[in-house]
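Understanding the architecture of this molecule
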Amino acid sequence: MQEIKAVIFDLDGVVVDTAIFHYKAWKRLADEYGFDFTPEHNEKLKGISRLESLDILLSIGGIEIDSIDERNRIANLKNDWYRDYILKMTPNDILPGVKNFLIDLKNTNYKIAIGSSSKNANTILERIGFDSFFDAVVDGLQISKSKPDPEVFLKAAAKLNINPENCMVFEDAAAGIEAAKRAGMLAIGVGKYEHLSNADKVIPDFSNMNVLMIDNLTK
Ligand code: BG6
Ligand code: MG
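These numbers come from a predicted model, not from an experiment. (Residues numbered from 1 in each chain as written. Chains lettered and ligands numbered in written order. Predicted model: local features only at pLDDT ≥ 70, side-chain atom pairs only at ≥ 80, totals over all residues. Heavy atoms only, no water.)

**A word on the overall build of the protein chain**
Of regular secondary structure, the protein chain possesses 9 helices and 6 strands. On C-alpha atoms alone, the protein chain measures out to a radius of gyration of 17 Å, which is about the 17 Å that the 2.2 N^0.38 rule sets for 219 residues. Each principal axis of the C-alpha distribution contributes one length, and for the protein chain these read about 50 × 30 × 30 Å. Within the protein chain, buried positions represent 51% of all 219 residues. Accessible surface, the protein chain: about 10400 Å² in total, of which carbon and sulfur atoms supply 46%. The distance from the centre of the 26 positive side-chain charges to the centre of the 33 negative ones in the protein chain is 3 Å. (Helix = DSSP H or I, 4+ residues; strand = E, 2+ residues; numbered from the N terminus. Rg over C-alpha atoms; globule rule 2.2 N^0.38 Å. Buried < 20%, exposed > 50% of the residue type's maximum accessible area, 1.4 Å probe, protein only. Areas by Shrake-Rupley, 256 points an atom, 1.4 Å probe, with all protein chains shown as cover. Lys, Arg positive; Asp, Glu negative; His and termini not counted. Charge placed at Lys NZ, Arg CZ, Asp CG, Glu CD.)

**Section: the site of ligand 1**
Of all residues adjacent to ligand 1, which total 15 residues, the nearest are Asp12, Arg50, Ser118, Lys119 and Asn120. For ligand 1, an oxygen atom lies 3.5 Å from a polar atom in the backbone of leucine 45. Within the backbone of isoleucine 48, one N or O atom sits 2.7 Å away from an oxygen atom of ligand 1. When ligand 1 sits alone it has 390 Å² of accessible area, and the protein chains cover 97% of it. Both domains that meet at the shell around ligand 1, namely domain 1 (6-16 + 90-218) and domain 2 (19-86), each give it at least three residues. (Near = heavy atom within 4 Å. Polar contact = N/O pair within 3.5 Å; in protein donor to acceptor, adjacent residues only side chain to side chain. Domains from an automatic or database assignment.)

**What to know about the domain arrangement of the protein chain**
In terms of domains, the protein chain is made up of domain 1 (6-16 + 90-218) and domain 2 (19-86). Between the C-alpha centres of domain 1 and domain 2 there is a distance of 24 Å. With 15 residues of domain 1 at the contact, the number on the domain 2 side is 14 residues. For the pair domain 1 and domain 2, the summed buried surface comes to about 1200 Å²; carbon and sulfur atoms form 45% of the total. When the area that domain 1 buries against domain 2 is broken down by residue, the three leading residues are Asn120, Ser146 and His195, summing to 35%. At the boundary of domain 1 and domain 2, one finds 0 salt bridges. Here domain 1 and domain 2 share 9 residue pairs in polar contact (both at pLDDT 80 or more) between them. Here the side of domain 1 that touches domain 2 gets 3 residues from one element, more than from any other, and that element is helix α6 (residues 121-127). (Contact = heavy atoms within 4.5 Å. Buried area = accessible area lost by both parts, 1.4 Å probe. Salt bridge = Lys/Arg side-chain N within 4 Å of Asp/Glu carboxyl O.)

**Remarks on the coordination of the magnesium ion (ligand 2)**
When a metal holds four donors in a tetrahedron, each ideal angle between them is 109.5 degrees; when it holds six in an octahedron, the ideal angles are 90 or 180 degrees. Every protein donor of the magnesium ion (ligand 2) is listed here as Asp10 (OD), Asp12 (O) and Asp172 (OD), and their distances to the metal cover 2.0 to 2.1 Å. Sequence positions of the residues that donate to the magnesium ion (ligand 2) give the spacing D-x1-D-x159-D. On the basis of relative accessible area, aspartate 10 is assigned to the buried category, the value being 5%. (Donors = N, O, S within 2.8 Å, 3.2 Å for Na, K, Ca; no water.)

**Focus on the pattern of salt bridges**
Counted according to the given criterion, the structure contains 8 salt bridges. In this structure, lysine 46 and glutamate 43 form a salt bridge, with 2.9 Å as the shortest nitrogen-oxygen distance. For glutamate 43, a relative accessible area of 18% gives the class buried. For glutamate 171, the salt bridge is made with lysine 147, and the minimal N-O distance between the two is 2.7 Å.

**Overview of the sheet that holds strand β5 (residues 186-190)**
The strand order β3-β2-β1-β4-β5-β6 describes an open sheet built from 6 strands, whose pairing is parallel. The open sheet has two free edges, formed respectively by β3 (136-138) and β6 (201-203), since each of these has just one partner strand. Strand after strand, the sheet turns through a mean of 25° between neighbouring axes, direction not considered. Across the face of the sheet, helix α7 (residues 151-160) comes into contact with β1 (6-9), β2 (111-115), β3 and β4 (167-171) while running at roughly 155° to β3. Sheet strands touched by helix α8 (residues 174-182): β4 and β5. Its angle to β5, the strand with the most contacts, is close to 165°. (Pairing = 2+ DSSP bridges. Axes fitted to C-alpha atoms, helices over the stretch in contact; angles between N-to-C directions.)

**Focus: the nonpolar core**
With 54 residues, the main nonpolar core has Phe9, Val15, Phe134, Phe170 and Phe206 as its most contacted residues. Broken down by element, this core gets its largest block of residues, 6 residues, from helix α1 (residues 19-33). Counting only domains with at least three residues in this core, you end up with domain 1 (6-16 + 90-218) and domain 2 (19-86). Beyond its immediate chain neighbours, meaning those up to four positions away, valine 15 contacts Phe9, Asp10, Asp93, Ile94, Leu95, Val98, Ile114, Ile128 and Phe130. In terms of nonpolar packing, the next biggest core, distinct from the first, is built from 22 residues, Val138, Ala156, Ala157 and Ile177 among them. (Core = buried A, V, L, I, M, F, W, Y, C linked by side-chain atoms within 4.5 Å.)

Below is the structure:
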């Protein structure tokens, strides 16, 4: 049994439901190009960086754009639409059970961190009142390779000064589960098992979560 000393949370789709905002912004782009972009397609983009997501989206639509400047312009457009959503967020957007669980973890002396591929993570954390809540935050601005590369989680563990094998990760994306496992951490999926079958365990959400359940998740 792995001894857990730190818990690392993905942000989008785990702490807050921004995964739906990403989907809506990408879907708007696909609509403008005239092709269908389904929630199932969107699963492939979860946890992946903005520009890599754009490449996947364009390949789904069968669209080729060679110019890097043009790809950057389109990715920025998507980000503007996405930011319109996140700038309206409030602490009420924290997903059910998450805040209590985090407080529980802090009170029990677990270290807590955010490990996100997003370059908007700090904006979101400020909007929901979590800007100085975590012991460490690693976001898309601090990494050179996004999930499924383990860099983001290894950096979070290093900032916390905790060995990777003593970390538990909560993730809603298949790419994030792979990243956590490649980092040598315990990977807990949050959401539907069908999307997260590589996880060590899967929970539907945090509504029934408490610190006593950490041990169960390691077995
Ligand atoms: C991840 C999301 O957290 O961040 C992805 O799951 C997103 O969907 C990625 O593409 C990058 O986010 P941003 O905010 O930098 O465009
Ligand atoms: Mg996520």
